[in-house]
Amino acid sequence: PFTCVVERPDLQEIMLGSLPAGVVKNGAGVVSYEHAPEEAGVIATLDNGETIYGDVLIGADGIWSATRATMHGNDLRGDSSGASYSGYTVYAGELYYDSPDKGEVGYKVYIG
């Protein structure tokens with residue numbers, strides 16, 4: 001499988017820049033979701049009790065992901081959550097230079 005490391009602010013900028021104004025909801029976390037029964041899409045239940053409909057739900061909610069737990073039918077936390085530490089540590093440094101192999105490079109990541 002393809003693996004890619006993208007800094008969170010860069011990923012957020014790419015995703016948010018692709019959406020029309022007013023479609024992103026901040027300030028309430030997703031507790032669970034279900035497939036919309038009448039049409040394509042999802043209905044998400046938020047931690048403030050509100051339910052919202054969307055065409056797509058992007059589960060970028062961290063290691064204790066409610067989205068992943070709902071998707072796989074796992075507990076949110078603990079041994080049965082499906083989340084485990086891989087043992088990898090990522091060290092990233094930012095440096096701009098002209099790389100002989102790929103042209104201009106923003107940074108390279110070393111995983112160790």
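A. A look at the overall build of the protein chain. Per the secondary structure count, the protein chain includes 2 helices and 5 strands. Tracing the protein chain from N to C terminus, the helices and strands come up as α-β-β-β-α-β-β. Taken across its 112 residues, the protein chain has 13% of its residues classed as buried. Across the protein chain, every contact between residues at least 6 apart in sequence was considered, and the portion connecting residues at least 24 apart equals 17%. Counting every atom, the protein chain has about 9000 Å² of accessible surface; 55% of that belongs to carbon and sulfur.

B. Expanded view of the side chain of T67. Within the secondary structure, T67 is located in helix α2 (residues 66-72). Among all residues touching T67, those that are not within four sequence positions of it are V30, Y33, L57, G59 and D61.

C. Representation of the pairing of strand β1 (residues 30-35) in the model. As paired elements, β1 and strand β2 (residues 42-46) share 5 bridges and run antiparallel to each other. Across the sheet, the residue bridging to Y33 is A44, located in β2. Linking β1 back to β2 in an antiparallel pair, the connection comprises 6 residues, with G41 at a positive phi of about 135°.

D. Main features of the pairing of β2. Burial along β2 is one-sided: V42, A44 and L46 are buried, and none of I43 and T45, which face the opposite way, are. Bridge analysis of β2 against strand β3 (residues 51-54) gives 4 bridges, and the strand direction is antiparallel. Its bridge partner lying in β3, T45 is registered against T51. Between β2 and the antiparallel strand that follows it, β3, lie 4 residues; G49 among them carries a positive phi value of about 95°.

E. Representation of the side chain of S65 within the structure. Note on placement: S65 falls in the loop between β3 and α2. Polar contacts involving the side chain of S65 include one to the main-chain amide nitrogen of T67, which spans 3.3 Å.

F. Molecular detail of the environment of S18. Relative to the helices and strands, S18 resides in the loop between α1 (8-17) and β1. A polar atom in the side chain of S18 sits 2.9 Å from the backbone oxygen of I14.

Analysis parameters
Residues take numbers from 1 onward in each chain, read along the sequence in its written order. Reporting in this predicted model follows two pLDDT cut-offs: at least 70 for local features of residues, and 80 or more for side-chain atom pairs to be given and counted; totals over whole chains, interfaces and linings ignore these cut-offs and use all residues. Side-chain measures were taken over the full set of non-hydrogen atoms in the model, leaving aside hydrogen atoms and water. In this description a helix means any DSSP run of H or I spanning at least four residues, a strand means any run of E spanning at least two, and both kinds are numbered starting from the N terminus. Whether a residue is buried, partly exposed or exposed follows from its accessible area with a 1.4 Å probe, protein chains only, as a fraction of its type maximum: under 20%, in between, or over 50%, in that order. Working rule for contacts: check all heavy atoms of both residues, and any pair within 4.5 Å makes them a contact. All accessible areas in this document rest on Shrake-Rupley with a 1.4 Å probe, and a residue is counted as covered only by the protein chains that are shown. In this description, strands pair whenever DSSP reports at least two bridges between them. Any pair of nitrogen or oxygen atoms within 3.5 Å is treated as a polar contact; in protein, a donor-acceptor pairing is required on top of that, and neighbouring residues in sequence qualify only through side-chain atoms on both sides.

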